[in-house]
Amino acid sequence: MSMFADQSRDALRATWREAWRKWRERLPMQALEHQIADVIAEHPEYHALLQDDAGLQQDDSAGSASENPYLHMGLHLALREQLATNRPAGIAAVRSRLAARLASAHAAEHCMIEVLAGVLWESQRRGSTPDDQAYLERLRRL
């Protein structure tokens, strides 16, 4: 995801808005823009935010993933990358089982991104990389 490296908050938000604009206008898109638009499409509660200039200025820096739409959707994107590569090994199977139990892949992702957010927050607080096996074990407990 080098497209996001070294971007400011406003530049990142503009990337999300531009992907959504291209999707709505049926314009050609890069692969990552398609992935972003797919996440946005599953969150109609954020559509107006992404179409309004005020959405760029929304201050949600102190919020959690449930309060910060950009963080929330970014976690979906990160999880989907993990699922596509099955890294950590076994995560795709966890999602399949959870999606079958919840009867919704999107609902399964919501449960899983809460775990992902917690693991990232804890590793950041410790100043270390996330422990993949501990993360996977937490996901298996869902």
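Report follows, based on the coordinates. As the structure is a computational prediction, the values presented were derived from the model and not from experiment.

What follows is about the side chain of Gln82. Looking at the secondary structure, you find Gln82 in helix α5 (residues 69-85). Once you skip the residues sitting within four places of it in the chain, Gln82 turns out to touch Arg87, Ile91, Leu116 and Tyr135.

On to the pattern of salt bridges, then. Evaluation of the coordinates by the stated rule reveals nine salt bridges. For Arg95, the salt bridge identified is with Glu109, shortest N-O distance 3.6 Å. In this pair, Arg95 is assigned in helix α6 (residues 91-102) and Glu109 in helix α7 (residues 105-126), connecting sequence segments 14 residues apart. Of the charged contacts, one joins Arg141 and Glu137 as a salt bridge, the two residues approaching to 3.9 Å between their closest N and O atoms. By relative accessible area, Glu137 is classed as partly exposed at 36%.

As a further point, take the packing of aromatic side chains. Geometry of an aromatic ring pair is reported as the spacing of the ring centres plus the angle between the planes. Per the stated rule, a full pass over the model turns up one aromatic pair. Summarising the aromatic geometry, the rings of Trp20 and Trp23 are spaced 4.6 Å apart at their centres and angled 10° between planes, so their arrangement reads as stacked. Of this pair, Trp20 and Trp23 both sit in helix α1 (residues 9-24), three residues apart, roughly one helical turn. On the basis of relative accessibility, which here comes to 33%, the residue Trp23 falls in the partly exposed class. It is Arg26 that lies over the ring of Trp23; its NZ or CZ is 5.8 Å from the centre.

Calculation notes
- Throughout this description, residue numbers start from 1 for each chain and increase along the sequence as written.
- A pLDDT threshold of at least 70 governs which residues receive local features in this predicted model, and a stricter bar of 80 or more applies before side-chain atom pairs are shown or counted, although totals over entire chains, interfaces and linings include all residues.
- To obtain the side-chain values, all non-hydrogen atoms of the structure were included, while hydrogens and water were left out.
- Strands here are runs of E lasting at least two residues and helices are runs of H or I lasting at least four, both read from the DSSP assignment and numbered beginning at the N terminus.
- Every residue pair with non-hydrogen atoms within 4.5 Å of one another is taken to be in contact.
- Just to be clear on terms, a salt bridge is a Lys or Arg side-chain nitrogen sitting within 4 Å of an Asp or Glu carboxyl oxygen.
- Three labels apply to residues, based on accessible area from a 1.4 Å probe with only protein chains included: buried if under 20% of the type maximum, exposed if over 50%, partly exposed otherwise in between.
- Any two of the Phe, Tyr and Trp rings considered here, Trp counted by its six-membered ring, make a pair once their centres fall within 6.5 Å; the pair's planes then place it as stacked at under 30 degrees, edge-to-face at over 60, or tilted in between.
- A ring has a charge above it when a Lys NZ or an Arg CZ is no more than 6 Å from the ring centre and no more than 35 degrees off the ring normal.

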